[in-house]
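Close look at the chain arrangement
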Amino acid sequence: MYKPFEIKENLFYVGVNDRTKHLFENLWPLPKGVSYNSYIIKDEKIALIDTVDICYADVFFNKIHSVLGDKQIDYLIVNHMEPDHSGSVELLKTRYPQIKIVGNSRTAEMLKGYYGITDNVVVIEDKEELNLGKNNLQFYLTPMVHWPETMMTYVKESKTLFSADAFGTFGTLDGGVTDTQLNPEWYWDEMIRYYSNIVGKFGSPVQAALKKLSGMGIDTICSTHGPVWTQPDTLGKVVSLYDRLSRYESENGLVIAYGSMYGNTEQLAEIIAAAAAENGARNIIMHNVSKSHESEVLRDIFKYRGLIIGSPTYNNKLYPAVESLLSALQNRNVKNKFFSFFSGHTWADGAKRELKAFAEGMEFETICESVEMKQSLNRNVMENAYALGKAMAERLHSGDAVIPHKTTCH
Ligand SMILES: Cc1cc2nc3c(=O)[nH]c(=O)nc-3n(C[C@H](O)[C@H](O)[C@H](O)COP(=O)(O)O)c2cc1C
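What counts, and at which threshold
Each chain has its residues counted from 1, running along the sequence as written. It should be noted that, the model being predicted, local features are given only for residues of pLDDT at least 70 and side-chain atom pairs only at 80 or more, the latter also being counted only at that level, while totals for whole chains, interfaces and linings use all residues. Secondary structure elements are taken from DSSP: a helix is a run of H or I of four residues or more, a strand is a run of E of two residues or more, and numbering for both begins at the N terminus. Remark: C-beta atoms are placed from the backbone, and a residue is labelled buried if 20 or more other C-beta atoms sit within 10 Å of its own, exposed if 12 or fewer do, or partly exposed between those counts. What counts as a contact here is a pair of residues whose C-beta atoms, placed from the backbone, lie within 7 Å. Take the buried Ala, Val, Leu, Ile, Met, Phe, Trp, Tyr and Cys residues, join any whose C-beta atoms are within 7 Å, and the set you get is a nonpolar core. Here the limits of each domain have been adopted from an automatic or database domain assignment. One bridge is not enough; two strands pair if DSSP finds at least two bridges between them. Here an angle of 0 to 180 degrees is reported between the N-to-C directions of two axes, which are lines fitted to C-alpha atoms, with helices fitted over the stretch in contact. Residues are grouped as follows: nonpolar covers Ala, Val, Leu, Ile, Met, Phe, Trp, Tyr, Cys and Pro; charged covers Asp, Glu, Lys and Arg; every other residue, Gly included, is treated as polar. Crossovers are described as right-handed under a simple rule: with the strands pointing away from the observer, the path leading from the first strand over the helix to the second runs clockwise. Nearness rests on one distance test: the residue's C-beta atom, set from the backbone, must lie within 6 Å of the molecule or strand.

What about the overall build of the protein chain?
- Regarding its fold elements, the protein chain presents 12 helices and 24 strands.
- Counting only C-alpha atoms and orienting by the principal axes, one finds that the protein chain spans roughly 80 × 40 × 35 Å.
- By residue count, 46% of the 410 residues in the protein chain fall in the buried class.
- Nonlocal contacts in the protein chain, meaning residues at least 24 apart in sequence, comprise 72% of its contacts between residues at least 6 apart.

Overview of the nonpolar core
- Formed by 118 residues in total, the largest nonpolar core has its most connected members in Tyr39, Leu254, Ile256, Ile272 and Met392.
- Among the domains, domain 1 (5–246) and domain 2 (252–408) are the pair contributing at least three residues each to this core.
- When near neighbours in sequence (up to four residues on either side) are disregarded, Ile272 contacts Ile256, Ile308, Phe342, Ala385, Leu388 and Gly389.

Observations concerning the sheet that holds strand 11 (residues 121–123)
- Read from one edge of the open sheet, seven strands run 1-2-7-8-9-10-11, paired in mixed fashion. Edge positions in the sheet fall to strand 1 (5–8) and strand 11, since each of these pairs with one other strand and no more. Here the strands of the sheet are splayed against their neighbours by 30 degrees on average, with no regard to which way each runs.
- Pairing of strand 7 (residues 39–42) with strand 8 (residues 46–49) involves four bridges; the strand directions are antiparallel. Bridge assignment links Ile40 to a residue of strand 8, and that residue is Leu48.

Quick word on the domain arrangement of the protein chain
- According to the domain assignment, the protein chain consists of domain 1 (5–246) and domain 2 (252–408).
- If you average the C-alpha positions of domain 1 and of domain 2, the two centres end up 38 Å apart.
- Facing the 12 residues of domain 1 at the interface are 10 residues of domain 2.
- Residue assignment for the side of domain 1 that touches domain 2 shows that the elements contributing at least two residues are strand 5 (28–29) and helix 5 (188–199).
- If one sorts the elements of the side of domain 1 that touches domain 2 by residue count, helix 5 sits on top with six residues.
- Grouping the constituent residues of the side of domain 1 that touches domain 2 by class yields five nonpolar, four polar and three charged.

A look at the pairing of strand 10 (residues 100–103)
- In terms of strand pairing, strand 9 (residues 75–77) meets strand 10 through three bridges, oriented parallel. By the bridge assignment, Ile77 is partnered in strand 10 with Val102.
- The pairing of strand 10 with strand 11 spans three bridges and is parallel. Bridge pairing links Ile101 to Val121 in strand 11.
- Between strand 10 and its parallel partner strand 11, the chain crosses via helix 4 (residues 105–115), and the hand of that crossover is right-handed.

A few points about the site of the ligand
- As a structural note, the neighbourhood of the ligand is formed by 18 residues, with Met261, Tyr262, Asn264, Thr265 and Gly344 the closest of them.
- Every element with two or more residues in the shell around the ligand is listed here: helix 8 (264–278), strand 19 (304–314) and strand 21 (337–345).
- Residue composition of the shell around the ligand, grouped by class: six nonpolar, 11 polar and one charged.

Next comes the structure, spelled out in structure tokens:
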């Protein structure tokens with residue numbers, strides 16, 4: 001029997017923790033698990049906000065029962081149709097056949113497509129309101145934060161925002177639910193990894209949503225993943241983190257991500273890193289892309305302003321794991337980086353050709369001292385590697401803004 005958890009008066013948490021799944025979206029590791037959050041507002045009418053992954057439907061229904069007993073649910077608000085949140089909708093409808101499902105026109109189309117649900121669907125427009133008694137829900141359409149149907153629900157009376165995936169993070173809710181019960185420090189890196197992996201492509205829609213929400217007066221953020229944010233300092237940090245990340249703003253620091261089969265490219269990476277450190281760069285993060293998971297590499301690239309990528313030539317192309325990383329960066333329209341690259345080959349430098357084309361296609365400022373190595377390190381290559389590390393450190397140290405598509409040579 002669950003003890004209902006009341007976040008604030010008549011607002012209950014009925015989400016679940018998933019410590020079983022290894023990969024979110026079958027792609028992104030979950031070392032700290034993930035929560036699927038759902039909430040109940042108990043008023044004259046009862047509203048449930050989102051559901052949970054179907055694997056946890058039993059726990060979810062027991063939690064709902066602990067709050068409502070045999071009472072009916074009047075409305076299910078579907079802020080996001082991704083199956084980790086809509087997965088239990090069909091089962092919910094069998095338990096609560098009278099329930100009205102509230103969403104926008106895109107939601108309605110997906111409810112039909114995914115679950116064959118067409119009856120008792122209430123289609124709302126942007127900013128439309130729904131009265132529950134004391135509480136008025138107001139719906140804000142926020143397309144592409146993360147899917148086209150994504151919307152947020154705001155309760156004016158309690159200044160509470162149900163924000164769908166926005167402001168979410170990986171990491172289960174161990175014991176507590178709110179930021180007053182949990183240690184927020186535990187979540188920041190996972191929030192950046194969640195943002196960069198899952199939401200990272202949608203910087204402009206996130207910015208549009210933030211603009212729409214500005215000036216609303218928000219005391220509590222209830223996202224679909226991670227803690228409920230209630231404290232002024234953590235609320236401020238969460239919103240500013242999403243704001244900065246969606247503008248591709250990052251900290252001073254350098255990521256060197258490389259592939260290497262026999263160690264030559266790796267030695268080049270070491271020389272570049274040492275030169276950068278010697279010339280004042282701090283926060284240098286090195287990733288061997290065959291070992292570091294791409295989700296961590298993406299997290300650090302979103303976090304830091306300097307980026308140097310290295311690859312051996314593999315069948316006249318990039319090393320496969322480097323190719324995958326570049327594709328992930330292109331997919332997310334990553335911008336605002338001081339960038340350079342290094343490549344290795346034995347007879348024809350396909351890696352250099354592709355890294356150069358990548359650099360030209362991105363909104364990066366390119367540090368022109370890229371390094372080319374034939375077969376193995378020699379004095380000349382080592383000098384070039386040192387020059388690249390130094391040039392990157394100086395550019396980072398300058399504090400200047402990134403100038404997209406500019407090539408800076410020293
Ligand atoms: C499977 C395989 C494919 C390769 N394909 C090419 C190639 O197409 N062109 C080339 O010049 N070198 C090619 N090479 C040689 C490597 O690119 C070169 O040895 C590289 O610099 C090794 O770097 P590493 O020591 O960091 O692995 C290939 C090597 C391997 C093992």
